[in-house]
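# Reading the structure
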Amino acid sequence: MRYFRHRDAAAAVVLVAASLLAGCAAPAPEQPPPADSPYRPVASIREVMNSVIDPSADVVWLSVGTDIDHGRQTDRVPANDEKWAEVRRHALIVSEAANLLMMHNRPVAPPGAPSLAPGVELTPEEIRSLIDKNPPAWNLFAQQLQEAMKPALAAIDAKDSEALFAAGEKIDTTCENCHQVFWYPNAGAPAR
Amino acid sequence: MKTKILLVVLGAGALWAVQPAQAHHAFAAEYDEKKPVTLTGIVTKMEWVNPHGWLFMDVKQPDGKVKRWTIETSGPSQLSRRGLKKADFTDGMSAVVKGYQGVKDPAFANGRTLVLADGRSFYIGSVGGPNDGADR
């Protein structure tokens, strides 16, 4: 029970890592975008994460919970229909932004951008290489994000703050599972 | 009127400044594994929110001044599963937090263990933290 989330995360990471290894042994066939693809990416994956997904996910996460100030508990709940609608807009943004991540020709970061934490987080080139080795694994994580958003959307529609709070943990676990494979697979160095 | 606008802008800036960072990053990108800290003080606030909880603690420094620490914890559902409850955060409670100091902000820390005044100890660490045995 104590390690529930770690087990879930570990299982997902192992699953995708195995998939990546399989991808290394037999590279996934390249699937170039159709020549007449109408998509024209403007932002990089990093920018989509920082400008679209993360800020909107924060609105969803932080809309519910409890502040305990000097022992006094105050629940966070969207105060009215308008506030619930605002949270729903951001939940939809995260859900649909997952599709942006799956677009074939989106760069990982702006040209020349370095790792934001060298030695801990991979460089954009290393991330690109991992994605290109196994696009289905990358897409699977993006689709899992969409799946994780479904209970959140249902909770919002039902104005059920407890269900939205519970969904928040699953969204975070989904994010973390992908990050541990594609962003900082070498993090978590032993301290002893 | 200009003064009022300036005050509003300054106020917004102050709010922004005290808001904990929410963006995802690897543990080692935000916290220094080589800077373990043991904080003994008074818990003033706990934000029981996803994706991480935030513990605010006043810690008296050797010079007598009080320093406000902001401590990241694991998600609240995990804290609940480990036995920690919202009701454990009472007014004026003293506690000891062990963790690691922030890389960019020395008043930030990633919490690993929380020991309450009654002696109960809880693992409050996040996924991806160092393998220091705190979770055992």
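Check the entry above for the structure.
Rules and cut-offs
Residues numbered from 1 in each chain as written. Chains lettered and ligands numbered in written order. Predicted model: local features only at pLDDT ≥ 70, side-chain atom pairs only at ≥ 80, totals over all residues. Heavy atoms only, no water. Salt bridge = Lys/Arg side-chain N within 4 Å of Asp/Glu carboxyl O. Buried < 20%, exposed > 50% of the residue type's maximum accessible area, 1.4 Å probe, protein only. Bend = angle between axes of the 7 residues up to and from the residue. Helix = DSSP H or I, 4+ residues; strand = E, 2+ residues; numbered from the N terminus. Contact = heavy atoms within 4.5 Å.

## Considering the pattern of salt bridges
Tallied over the full model, the rule gives twelve salt bridges over all chains. A salt bridge links A:D67 to A:R76; the shortest N-O distance between them is 2.9 Å. In terms of burial, A:D67 and A:R76 fall into one category: buried. Each of A:D67, A:R76, B:K45 and B:E47 takes part in salt bridges that share partners, so that together they form one network.

## Quick word on helix 2 (residues 45–62) of chain A
Residue and element names in this part refer to chain A. Along helix 2, the sharpest kink reaches roughly 35 degrees, centred on I53 and followed within four residues by the proline P55. Taken together, the buried positions of helix 2 are I45, V48, I53, D54, S56, A57, D58, V60 and W61. Tucked into the core, helix 2 has its buried residues touching helix 3 (81–101), helix 4 (124–133), helix 5 (135–157) and helix 6 (161–182).

## Notes on unusual backbone geometry
Residue B:N50 is joined to B:P51 through a cis peptide bond whose omega torsion reads 0 degrees. On the secondary structure map, B:P51 appears in the loop between strand 1 (31–48) and strand 2 (54–60). Non-glycine residue A:K159 carries a positive phi angle of around 50 degrees. On the accessibility criterion, A:K159 (43% relative accessible area) is partly exposed.

## Let's talk about the environment of A:L122
Within the secondary structure, A:L122 is located in the loop between helix 3 and helix 4. Look past the residues within four positions of A:L122 in its chain and what remains in contact with it is A:S115, A:I127, A:L130, A:F182, A:W183, A:P185 and A:N186.

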